[in-house]
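A closer look at the structure
Given next are the chains, with one letter for each unit.
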Amino acid sequence: MKNISALLAVLLFVLIMLNDANAKTKCISIEKTIDGKITQKIDVSVSLIKLLASSDGNLDINGVKVPYKSLLQVYRDGSVMKIKDSTGNGETRICRDSFDEDMKESSDKHNRIFIENTEEDGETKVSKIHVKSVQAIFVILAMLGSDDIDEDIDDFESALDEGGVLFVRDYEKNTRLWIYVN
């Protein structure tokens, strides 16, 4: 009887750990390096990439420009893509990952976009935006390089699963932008 109880306890522990591991939002991670030092990190949720990959658009953030279809292919293949820059001392590395940032704010309605912006002074500002706000959606889609914002706005809310949406960390400027739904 003790063995069965111990086995059930271990099984329950394993199930809880697997459930917690699966709760993280899947994303594509893009790391830009110069001379082997990470200068910028961008994470984009897979659900948002799937939405934007239906067009011929590019992710275009802070000088990192990659077609969404290529990002989706990296996710599907589980491969790692490396792109050398024209100067030869920099590289952009793209791979499958999950968000590891903590979501500081939450909403009991689970329909809020939170934007945490940390400037060079280190102070974090948190904005809460209702997901149905067309202006907020328009700004995010434009920032992500959507080719057809009018069409993507209609599908945007369905692409926002609870969890991470976008993370941009600029190590040179010591800034951070973290957008999530909670």
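Now for a quick tour of the structure. Just so you know, these numbers come straight off a predicted model, no measurement behind them.

**Side note on the overall build of the protein**
- Tallying secondary structure elements over the protein gives five helices and 10 strands in all.
- Going through the 182 residues of the protein one by one, you find that 40% of them count as buried.
- The contacts in the protein between residues at least 6 apart in sequence include a share of 53% that link residues at least 24 apart.
- Surface summary for the protein: the accessible area is close to 10700 Å², and the carbon and sulfur share equals 50%.

**Focus on the side chain of Thr25**
- One can find Thr25 in the loop between α1 (2–22) and β1 (26–34).
- Residue Thr25 is classed as buried on the basis of its relative accessible area, which comes to 16%.

**With respect to a negative patch on the surface**
- A surface patch of negative charge is lined by Glu119, Glu120, Asp121 and Glu123.
- Of note, Glu120 is situated in the loop between β7 (112–118) and β8 (124–130).
- Given the relative accessible area of 57%, Glu120 is considered exposed.

**Description of the pairing of strand β9 (residues 163–170)**
- For β9, the tally of buried residues reaches seven of eight residues, placing the bulk of the element in the interior.
- For strand β2 (residues 37–45) and β9, the ladder comprises five bridges, and the chain directions are antiparallel. Along β9, the bridge assignment pairs Ile42 with Val168.
- Sheet topology note: the β9/strand β10 (residues 175–181) ladder contains seven bridges and is antiparallel. By the bridge assignment, Val168 is partnered in β10 with Leu177.
- In sequence, β9 turns back onto β10 through a hairpin of four residues, with Asn174 there showing a positive phi of about 55°.

**A closer look at the packing of aromatic side chains**
- Following the criterion strictly, the structure yields three aromatic pairs and no others.
- Arranged with centres 5.9 Å apart and planes meeting at 80°, the rings of Phe167 and Trp178 form a pair that is edge-to-face. Residue Phe167 is found in strand β9, and its partner Trp178 is found in strand β10; the two are separated by 11 residues along the sequence. Like Trp178, Phe167 is buried.

What counts, and at which threshold
- Residues numbered from 1 in each chain as written.
- Predicted model: local features only at pLDDT ≥ 70, side-chain atom pairs only at ≥ 80, totals over all residues.
- Heavy atoms only, no water.
- Helix = DSSP H or I, 4+ residues; strand = E, 2+ residues; numbered from the N terminus.
- Buried < 20%, exposed > 50% of the residue type's maximum accessible area, 1.4 Å probe, protein only.
- Contact = heavy atoms within 4.5 Å.
- Areas by Shrake-Rupley, 256 points an atom, 1.4 Å probe, with all protein chains shown as cover.
- Patch = residues over 30% accessible without salt bridge, like charges linked within 9 Å, V, L, I, M, F, W, Y side chains within 5 Å.
- Salt bridge = Lys/Arg side-chain N within 4 Å of Asp/Glu carboxyl O.
- Lys, Arg positive; Asp, Glu negative; His and termini not counted.
- Charge placed at Lys NZ, Arg CZ, Asp CG, Glu CD.
- Pairing = 2+ DSSP bridges.
- Phe/Tyr/Trp six-rings, centres within 6.5 Å; stacked < 30°, edge-to-face > 60°.

Read these as geometric descriptors, not functional statements.
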